[in-house]
Amino acid sequence: MDALWVMIDRMTANPGRPRLLRTLNDRAALELLASSGASTRAQVSETTGLSKVTAGHVLSRLEERGLVVKVGVRESGRGPGAALYGLNPSCGHVIAIEVYPDTTTAVLADITGRVLAETTALTDTAADPAEAVHAIVEHLTEAAQIDRAQVQVCVIALPAVIEPDTSRVHFCYEMPAWGGDVIEAIRRRLGLAVRIDNDVNLAAMAERALGAASDVRNFVLVWIGRGPGSAVMVGDQLLRGTAGAAGELGAMPVPGSAVSNGGFDRSRYETAAAFQALVGSQAVQELAARHRIATENAAQSVATAVRSTTGAAFLDELARRIALGVASICTVLDPELVVLGSHVASAGGDELAGRVQRAVADMCLARPRVEASTVPDRPVVRGALLVAVEHARERVLFGDL
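A quick note: this is a predicted structure, and the numbers were derived from the prediction, not measured.

Thresholds applied
- Residues numbered from 1 in each chain as written.
- Predicted model: local features only at pLDDT ≥ 70, side-chain atom pairs only at ≥ 80, totals over all residues.
- Heavy atoms only, no water.
- Pairing = 2+ DSSP bridges.
- Helix = DSSP H or I, 4+ residues; strand = E, 2+ residues; numbered from the N terminus.
- Axes fitted to C-alpha atoms, helices over the stretch in contact; angles between N-to-C directions.
- Contact = heavy atoms within 4.5 Å.
- Parallel < 35°, antiparallel > 145°, perpendicular 65-115°, else oblique.
- Nonpolar A, V, L, I, M, F, W, Y, C, P; charged D, E, K, R; others polar.
- Left-handed = near helix turned anticlockwise from the far one by under 90°.
- Buried < 20%, exposed > 50% of the residue type's maximum accessible area, 1.4 Å probe, protein only.

Draft legend 1. Quick look at the sheet that holds strand 3 (residues 93-99). The mixed open sheet is built from five strands, whose spatial order is 5-4-3-6-9. For this open sheet the edge positions go to strand 5 (115-122) and strand 9 (193-198), each flanked by a neighbour on one side alone. Ignoring strand direction, the axes of neighbouring strands in this sheet form an average angle of 15°. In this structure, strand 6 (residues 151-158) lies alongside strand 9, joined through six bridges in parallel fashion. Of the residues in strand 9, the one forming a bridge with I156 is I196. Contacts from helix 6 (residues 182-190) reach strand 6 and strand 9, with the element oriented near 150° to strand 9.

Okay, here's the thing in structure tokens:
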């Protein structure tokens, strides 16, 4: 959508430019091939509304630019088969990186989204971020056997607040080296386009495209992990807030948790600060211990409770705690759907989601569906990859305008 507004601005500033009209047609065909796969000229014409002659010119133009290639022939019972056109996978590559205090995961994919290389390693929180990312890019490009110059975009996910206008990083407590204007240093070191975004926002992008929210326009993703967070999608647009702090649930005051006086107190955040103290991973483990079902970590404890005949009381209390935050959000936004994300929510599945839905209905007027995430795995990386591919396509299509 952002790219659409950029395109409209360009058209407004340059009314009647044939080149911009060609770009509109090119974009329509490129998006069709990206979303629907290989298509014939007739299919491109029918789906985009272009005439067959114009569709042929568009495909030839995109083929000349190296963005589209012939990938086969659609056989017909009468006469010769029609050529099938698809995106040229080698016209651009992207890298998506998820950085957490314990591990860093990264993938390299072509412009169709096909993953060519991936890596997971322990995070060195003391390392210079620019050098760390550079090492990841070098490793992935070597593994995929591509030139680094072929990488169009790198998208990095962080558990932090990211200013929408400047990409400055705030509240990245456990990785202080990643704070401030780190993006500029990374861009200089890599020499390519870099974007940084909040991890839960990116997970919401994956949920919208691939998961439980694929059929709704307004939903909230509530992340129950090391620290709680959320992402709000309204009309297919993420609600980021003025400072990028929209959805930072950890510090949200809710009944049943302590609120520090005199400002936000990081030293008490893990154990006594608002919603974090109720549903953060440490709090979930403490609750599980009281119910005598604690295991190695919060997600495993929840999974144990789901399988156990004695885990209902623990799940009921955890659901009530989660519902306190969800109800607060729903009272303001009244979304159609609330998705519970993270390893904890996946472990709880329908058992936990159903309990949260019933508890929310007892607390507020809103009646959202509550479901566990259905993104198969690594939703943050998947979301970062989706964003990276989208921006790579914009760059290869509009880069010379």
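Draft legend 2. Focus on the packing of helix 11 (residues 298-307) against helix 13 (residues 343-363). At a closest axis distance of 7 Å, the pairing of helix 11 and helix 13 adopts a crossing angle of 10°. In terms of orientation, helix 11 lies roughly parallel with respect to helix 13. Residues A298, A299, V302, A303 and V306 of helix 11 form the contact with helix 13, whose participating residues are H343, V344, A347, G348 and E351. Considered class by class, the residues forming the contact of helix 11 with helix 13 number seven nonpolar, two polar and one charged.

Draft legend 3. The arrangement of the packing of helix 12 (residues 312-333) against helix 13 in detail. Where helix 12 meets helix 13, the closest approach of the two axes is 8 Å, and the angle between their N-to-C directions is 50°. Relative to helix 13, the element helix 12 lies oblique. The hand of the helix 12/helix 13 crossing is right-handed. Note on element contacts: helix 13 touches helix 12 through L352, R355, V356, A359, V360 and M363, opposite A312, L315, D316, L318, A319, R320, I322, A323, L324, V326 and A327. Counted by class, the contact of helix 12 with helix 13 contains 14 nonpolar, no polar and three charged residues.

Draft legend 4. Summary view of the environment of L67. Here L67 lies in the loop between helix 4 (52-64) and strand 1 (68-74). For L67, a relative accessible area of 3% puts it in the buried group. Separated by 21 residues in sequence, L67 and N88 have C-alpha atoms that sit 5.2 Å apart. Excluding residues that lie within four positions of it along the chain, L67 makes contacts with L30, L62, G86, L87, N88, C91, V396 and L397.

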